[in-house]
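# Structural description and commentary
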Amino acid sequence: MAKNLILLGLPGAGKGTQADFIVKDYATVHISTGDIFRANLTNNTDLGKKAREYMDAGDLVPDEITNAMVADRLSQADVEKDGFMLDGYPRNEAQAEFLDNYLTENGKSISATLYFKVSDSLLRERLLGRGRADDTPEVIDNRLEVNKKANLPLVDYYDKAGVLNTIDGGRELAEVYHDVRDVLDNL
Ligand code: AMP
């Protein structure tokens, strides 16, 4: 059956890597808002032009732009068939509420939220090692702060909704994925 998943965790927590494993083993469509924004920057689309200044600074792109982009993506046929795995969205409570409304209106629900928990020091180390253009030390520190403030209330939000699964993301990839499978196989 189609699974509707949310991956939670700060930048560098390993969401993207685990997502790559998940799509090989389960039918679900990986939707990374960061990847969609970056593709729009590269292609210099109108959306890319609107998002660029926020992304360059490590700030969140405004919710109305991000929510519209996600709603558009979720309405496509592949998601209808296989469900979705959101990576990098929602990033704050307003986005989570928008998503809930969208899902309710469309007769859908969240199957599980996977929260990859990793210490600050390990996150900083991983992000510095990644070498992406927006991974300079100053931008990394800002990105971690901005995301922490916005993202951690989501852990509570999905805990209250009864769909939260916390996974220790500070271990070897295979160990982390083992726990992911445990959750997904029991849905
Ligand atoms: P990421 O690859 O998830 O770290 O995203 C890269 C950048 O894209 C972020 O620093 C934000 O500027 C933007 N972005 C990605 N997802 C979101 C979101 N859900 N809300 C707002 N901005 C986002």
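A brief report on the enclosed structure follows. (Residues numbered from 1 in each chain as written. Predicted model: local features only at pLDDT ≥ 70, side-chain atom pairs only at ≥ 80, totals over all residues. Heavy atoms only, no water.)

### Things to note about the sheet that holds strand β1 (residues 5–8)
Taken together, five strands build an open sheet; the order of strands is β2-β3-β1-β4-β5 and the sheet is parallel. Looking at which strands have only one partner, the edges of the open sheet turn out to be β2 (29–32) and β5 (164–168). Between one strand axis and the next, the sheet turns through 20 degrees on average, direction left out of account. On top of the sheet, helix α1 (residues 15–25) reaches β1, β2, β3 (84–87) and β4 (112–117); it is set at about 165 degrees to β3, its chief contact. (Pairing = 2+ DSSP bridges. Helix = DSSP H or I, 4+ residues; strand = E, 2+ residues; numbered from the N terminus. Axes fitted to C-alpha atoms, helices over the stretch in contact; angles between N-to-C directions. Contact = heavy atoms within 4.5 Å.)

### Examining the pattern of salt bridges
Counted according to the given criterion, the structure contains 12 salt bridges. Here Arg181 makes a salt bridge to Asp25, at a shortest N to O gap of 3.1 Å. Here the residue Arg181 occupies a position in helix α9 (residues 173–185), and Asp25 occupies one in helix α1, the gap between them amounting to 156 residues. Since its relative accessible area comes to 32%, Arg181 is described here as partly exposed. (Salt bridge = Lys/Arg side-chain N within 4 Å of Asp/Glu carboxyl O. Buried < 20%, exposed > 50% of the residue type's maximum accessible area, 1.4 Å probe, protein only.)

### Notes on empty space enclosed by the protein
Going through the model one piece at a time under the given rule, you end up with one cavity of 30 Å³ or more. Looking at the largest cavity, its volume works out to about 60 Å³. As for the largest cavity, its lining consists of Leu7, Leu8, Gly9, Leu10, Pro11, Lys15, Gly88, Tyr89, Pro90, Arg91, Asn147 and Asn151. Of all the secondary structure elements, the ones that give two or more residues to the lining of the largest cavity are β1 and α8 (137–160). Of the residues assigned to the lining of the largest cavity, the class counts are six nonpolar, four polar and two charged. (1 Å grid on protein atoms, 1.4 Å probe; cavity = no way out; pocket = protein on both sides within 12 Å on 5 of 7 lines; lining within 4 Å. Points joined across faces, edges and corners; volume = space filled by probe spheres on them. Nonpolar A, V, L, I, M, F, W, Y, C, P; charged D, E, K, R; others polar.)

### Digging into the side chain of Asn40
Following the sequence through the fold, Asn40 ends up in helix α2 (residues 33–42). With relative accessibility at 15%, the residue Asn40 sits in the buried group.

### A closer look at the environment of Leu5
Mapped onto the elements, Leu5 comes out in strand β1. Residue classification places Leu5 among the buried residues on the basis of a relative accessible area of 0%. Separated by 24 residues in sequence, Leu5 and Val29 have C-alpha atoms that sit 9.3 Å apart.

### Some thoughts on the packing of α2 against helix α4 (residues 63–74)
Relative placement of two packed helices is described by the angle separating their axes and the distance separating the axes. Taken N-terminus to C-terminus, the directions of α2 and α4 make an angle of 100 degrees; their axes are 11 Å apart at the nearest point. As judged from the angle between their axes, α2 and α4 are roughly perpendicular. Counted together, Thr33, Ile36 and Phe37 of α2 and Ile65, Thr66, Met69, Val70 and Arg73 of α4 form the full contact between these two elements. Among the residues forming the contact of α2 with α4, the class breakdown is five nonpolar, two polar and one charged. (Parallel < 35°, antiparallel > 145°, perpendicular 65-115°, else oblique.)

### Structural notes on the site of the ligand
Around the ligand there are 15 residues in total, and Thr33, Arg38, Asp59, Gly88 and Gln95 lie nearest to it. At a separation of 2.7 Å, a nitrogen atom of the ligand approaches a polar side-chain atom of Thr33. A distance of 2.9 Å separates a nitrogen atom of the ligand from a polar atom in the side chain of Gln95. Notes on the ligand: free accessible area 480 Å², of which the protein chains cover 95%. Placement of the ligand is best described as lying within the largest pocket. Among the elements that line the shell around the ligand, the one with the most residues is α2, at four residues. In terms of residue class, the shell around the ligand is made up of five nonpolar, five polar and five charged. (Near = heavy atom within 4 Å. Polar contact = N/O pair within 3.5 Å; in protein donor to acceptor, adjacent residues only side chain to side chain. Areas by Shrake-Rupley, 256 points an atom, 1.4 Å probe, with all protein chains shown as cover. Sits in = over half its atoms within 2 Å of the grid points.)

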